[in-house]
Amino acid sequence: QVQLVESGGGSVQPGGSLRLSCAASGSILSITAIGWYCQAPGKQRELVATITRDGSLNYADSVKGRFTISKDNAKNTAYLQMNSLRPKDADVYYCYARVVHKVGFRGSDYWGQGTQVTVSS
C-alpha cells in the first residue's frame, strides 16, 4: 500500500501564492508519475499538473505560466508552486501518483485525501 500525504493548502487573496506538497510513502519501487488534480463540488476531477519519472511535464492550459510542478525523487515528494492565484483556482486539490511496487508489474494509481485551496478577497 501507498499513502499520499498532502500539505500546503489554505486561503489566500487573489494574486497570492501557495505551495502544495505531496509526500508518498509505503511500498514504492518507483513512481512513474505524480501530480495534482482538482475537483469542485458536483464536477469531475480535472488535471492541474503532473510530472513523470523522466521529468516530462503536463499542465492544464489554465495554469500554464502560473503553476510549477517539481519533485524530489529521494524524498518521493512532489511540489506544486501556485502563483498569481485566481478565484477560479479555488478547489480541493488531490495528489495523484502512479506507483510501481515490483519489477515487471504495472503501476497502481493512488490518491491523497485532498487539500482545500481558497482564493478570495
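As a convention, each chain's residues are numbered from 1 in the sequence order in which they are written. The model is predicted, so local features are restricted to residues of pLDDT at least 70 and side-chain atom pairs to those at 80 or more, both for listing and for counting; the totals for chains, interfaces and linings are taken over all residues. The side-chain figures draw on all heavy atoms in the structure; neither hydrogens nor water molecules are used.

A separate point is the layout of surface pockets. Using a 1 Å grid laid over the protein atoms alone, points where a 1.4 Å probe fits but cannot get out form a cavity; open sets with protein on both sides within 12 Å along at least 5 of 7 lines form a pocket; any residue with an atom within 4 Å of a point counts as lining. Grid points are joined across faces, edges and corners, and a volume is the space filled by probe spheres set on the points. Here the largest pocket defines a volume of roughly 280 Å³. Lining the largest pocket are 17 residues, and of these Cys-38, Glu-46, Ser-62, Lys-88 and Asp-91 lie nearest its centre. Segments assigned H or I by DSSP are reported as helices when at least four residues long, segments assigned E as strands when at least two residues long, and all are numbered from the N terminus. Taken together, the elements giving at least two residues each to the lining of the largest pocket come down to β4 (30-39), β5 (46-52) and β9 (91-100). A per-element tally of the lining of the largest pocket places β5 first, with three residues.

The cut-offs for exposure are 20% and 50% of the maximum accessible area for each residue type, with area from a 1.4 Å probe on protein chains only; residues under the lower value are buried, those over the upper are exposed, and the others partly exposed. The element β9 is extensively covered by neighbouring structure, given that eight of its 10 residues are classed as buried. One ladder, built from three bridges, connects β9 with strand β11 (residues 115-119); its direction is antiparallel. Residue Tyr-93 lies in a different strand from β11, and its bridge partner there is Thr-115. In this description, strands pair whenever DSSP reports at least two bridges between them.

Phi is positive for Asn-76, which is not a glycine, with a value near 50°. Along the polypeptide, Asn-76 turns up in the loop between β7 (67-72) and β8 (77-82). Phi at Ser-84 is positive, roughly 50°, even though this residue is not glycine. Here Ser-84 lies in the loop between β8 and β9. Ser-84 gets classed as partly exposed once you look at its relative accessible area, which sits at 40%.

This next bit is on the state of the cysteines. When the sulfur atoms of two cysteines come within 2.5 Å, that pair is taken as a disulfide. Counted according to the given criterion, the structure contains one disulfide. Disulfide pairing places Cys-22 opposite Cys-95 at an S-S distance of 1.9 Å. Taking the torsion about the S-S bond as the criterion, the Cys-22 to Cys-95 disulfide, at about -80°, is left-handed. With Cys-22 in strand β3 (residues 18-26) and Cys-95 in strand β9, this residue pair connects regions lying 73 residues apart in the sequence. The exposure class of Cys-95 is buried, given its relative accessible area of 0%. Sulfur of Cys-38: no disulfide; nearest cysteine sulfur belongs to Cys-95 and is 13 Å away.

Two rings from Phe, Tyr or Trp (for Trp, the six-membered ring) form a pair when their centres sit within 6.5 Å of each other. Planes less than 30 degrees apart are called stacked, planes more than 60 degrees apart edge-to-face, and all others tilted. Within this structure, the stated rule accounts for three aromatic pairs. Taken together, a centroid distance of 5.2 Å and an interplanar angle of 70° make the contact between Tyr-37 and Trp-111 edge-to-face. With Tyr-37 in strand β4 and Trp-111 in strand β10 (residues 108-111), this pair connects stretches of sequence that are 74 residues apart. According to the relative accessible area criterion, Tyr-37 is partly exposed, its value standing at 21%. Taking NZ or CZ as reference, Lys-102 lies 5.9 Å from the ring centre of Phe-105, over its face. By definition here, charges over rings are those cases where NZ of Lys or CZ of Arg is within 6 Å of the ring centre and within 35 degrees of the ring normal.

What follows is about the side chain of Glu-6. As for its placement among the helices and strands, Glu-6 is situated in strand β1 (residues 2-7). For the purpose of counting charges, residues Lys and Arg are taken to be positive, whereas Asp and Glu are taken to be negative. His and the chain ends are not included. Whenever a carboxyl oxygen of Asp or Glu lies within 4 Å of a side-chain nitrogen of Lys or Arg, that contact is scored as a salt bridge. It is Arg-45 that comes nearest to the buried, bridge-free Glu-6 among opposite-charge side chains, at 7.6 Å. A distance of 2.4 Å separates a polar atom in the side chain of Glu-6 from the backbone nitrogen of Cys-95. In the analysis that follows, any N or O atom pair within 3.5 Å is treated as a polar contact, provided that within protein one partner can donate a hydrogen and the other can accept it, and provided that, for residues neighboring in sequence, both atoms belong to side chains. Within the local environment of Glu-6, its side chain forms a polar contact with the backbone nitrogen of Gln-113, the two atoms lying 3.3 Å apart. Whether two residues touch is decided by their heavy atoms; if any such pair falls within 4.5 Å, the residues are in contact. Among all residues touching Glu-6, those that are not within four sequence positions of it are Ser-21, Cys-22, Tyr-93, Tyr-94, Cys-95, Gly-112, Gln-113, Gly-114 and Thr-115.

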